[in-house]
Amino acid sequence: MQVFNKLIKNFIYKPKYFTAKCMICENKNALLVEQNCYPDFDTNKIPNYLKDKFLKKKNGICMNCGTFQDYNLLNINQLRKLNKISKDKLTTEQFFLENNKSEEYIRNFNNVFFKNRLKKWDSFFNKLKPKIENTLILRYWFGSSAKYLKNKFDCNIYGIELSEACREVLKKKKLLKDIRGEINGEFIYEKLDTKFDLICTFHIIPHSINVRKTIEDIRKLLSKKGLVIFSSEIERKPTNPFHNLHLSEVQLTNILREYFPFVGRIDRCQTNYQPQTNPYTLKNDIPDIFATNYDPELTISK
């Protein structure tokens, strides 16, 4: 009987608590979530002095606000050294490594991420009727959103991109003014005298090492009646070394409500099922989240 009890105890999960500051609420009590890191790139491209920190996740859940996050973050100097390597080189996607860029790859990418999304945006804008003169796109990829917004509003479009390959594609299309800056882990940019009526982000929040500063800096760039659309910001990929926050829709919207008086969702912006997203949203879909400083008289677009 004693042997049996001992065996049972060995198979019962024992929570591991530790002390570390939460990125959201700064509480220092966390519960460890055992999780290995599985990079999808050649780790030899990362210098040894960065590799040990970057590839050793310490994922945990804050015992105060419930945020699932990595507690073993790169500091700002380490992050900037990592970003100098270029994310194009840290990928298994051949498109970003080849000189001849595949038009088929671009079409397939746009179909997955933007075909349905832009239809939903169109319905949303038709109801909202915003006045948009200046737009900023944080990660513009191959220009689908820029092309749509240019046709819809005939607005000035600025963009920041972390992929040199995407930047080269957009140079030929002349859809926007490329602003040099950084959006992987932190949000920095060359001086801008423009306030934006619309800011679109694509997958910025999960990579942040200081999400409150990122959101605050985005808000500072908005005009008084400005609007932000957050796309692909709800993702739980705790094994991905670039992901520092693993938010649900409720957690993301709760954080945004601390900075914006009005926050809502645009339903079903992607039709494909993503296991890292759908289970963590209110309607088990893939929504975009919008935030404004004014009452848009609109809560949910169907």
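Just so it is clear, the model here is predicted, and its values are computed rather than measured.

Examining empty space enclosed by the protein
Think of a ball as big as a water molecule: rolled over the atoms, this probe shows where empty space is left.
Then step 1. All chains considered together, the criterion is met by three cavities of 30 Å³ or more.
Then step 2. Its volume calculated, the largest cavity comes out at about 120 Å³.
Then step 3. Along the wall of the largest cavity there are 15 residues; nearest its centre are Phe54, Leu74, Pro241, Phe242 and Asn244.
Then step 4. For the lining of the largest cavity, the secondary-structure elements that each account for two or more residues are α2 (48-54) and α3 (76-83).
Then step 5. Its residues assigned to classes, the lining of the largest cavity shows eight nonpolar, five polar and two charged.

A word on the environment of leucine 50
Then step 1. Structurally, leucine 50 is set in helix α2.
Then step 2. Under the relative-accessibility criterion, leucine 50 is labelled buried at 1%.
Then step 3. When sequence neighbours within four positions are dropped, the list of residues in contact with leucine 50 reads Gln78, Lys81 and Leu82.

Some details on the sheet that holds strand β4 (residues 68-70)
Then step 1. Overall, antiparallel pairing links the four strands, which are arranged β1-β2-β3-β4 in an open sheet. Two strands close off the open sheet at either side, each with one partner strand: β1 (17-19) and β4. For this sheet, the mean inter-axis angle between neighbouring strands, taken without regard to orientation, is 45°.
Then step 2. Summarising the sheet, strand β3 (residues 59-62) and β4 pair through three bridges and their orientation is antiparallel. Note that in β4 the partner of glycine 60 across the bridge is glutamine 69.

Considering the packing of helix α4 (residues 103-128) against helix α5 (residues 144-153)
Then step 1. Where α4 meets α5, the closest approach of the two axes is 10 Å, and the angle between their N-to-C directions is 25°. Looking at the two axes, α4 sits roughly parallel to α5. In this structure, the crossing between α4 and α5 has a hand that is right-handed. Taken together, the residues of α5 that come into contact with α4 (itself represented by Asn110, Phe114, Leu118, Trp121, Asp122, Phe125 and Asn126) are Ser144, Ser145, Tyr148, Leu149, Lys152 and Phe153.
Then step 2. Within the contact of α4 with α5, the residues separate by chemical class into seven nonpolar, four polar and two charged.

Topic: the environment of glycine 264
Then step 1. Mapped onto the secondary structure, glycine 264 falls in strand β12 (residues 262-270).
Then step 2. Between the C-alpha atom of glycine 264 and that of isoleucine 289, which follows or precedes it by 25 residues, the distance is 5.8 Å.

Scoring rules and cut-offs
Residues numbered from 1 in each chain as written. Predicted model: local features only at pLDDT ≥ 70, side-chain atom pairs only at ≥ 80, totals over all residues. Heavy atoms only, no water. 1 Å grid on protein atoms, 1.4 Å probe; cavity = no way out; pocket = protein on both sides within 12 Å on 5 of 7 lines; lining within 4 Å. Points joined across faces, edges and corners; volume = space filled by probe spheres on them. Helix = DSSP H or I, 4+ residues; strand = E, 2+ residues; numbered from the N terminus. Nonpolar A, V, L, I, M, F, W, Y, C, P; charged D, E, K, R; others polar. Buried < 20%, exposed > 50% of the residue type's maximum accessible area, 1.4 Å probe, protein only. Contact = heavy atoms within 4.5 Å. Pairing = 2+ DSSP bridges. Axes fitted to C-alpha atoms, helices over the stretch in contact; angles between N-to-C directions. Parallel < 35°, antiparallel > 145°, perpendicular 65-115°, else oblique. Left-handed = near helix turned anticlockwise from the far one by under 90°.

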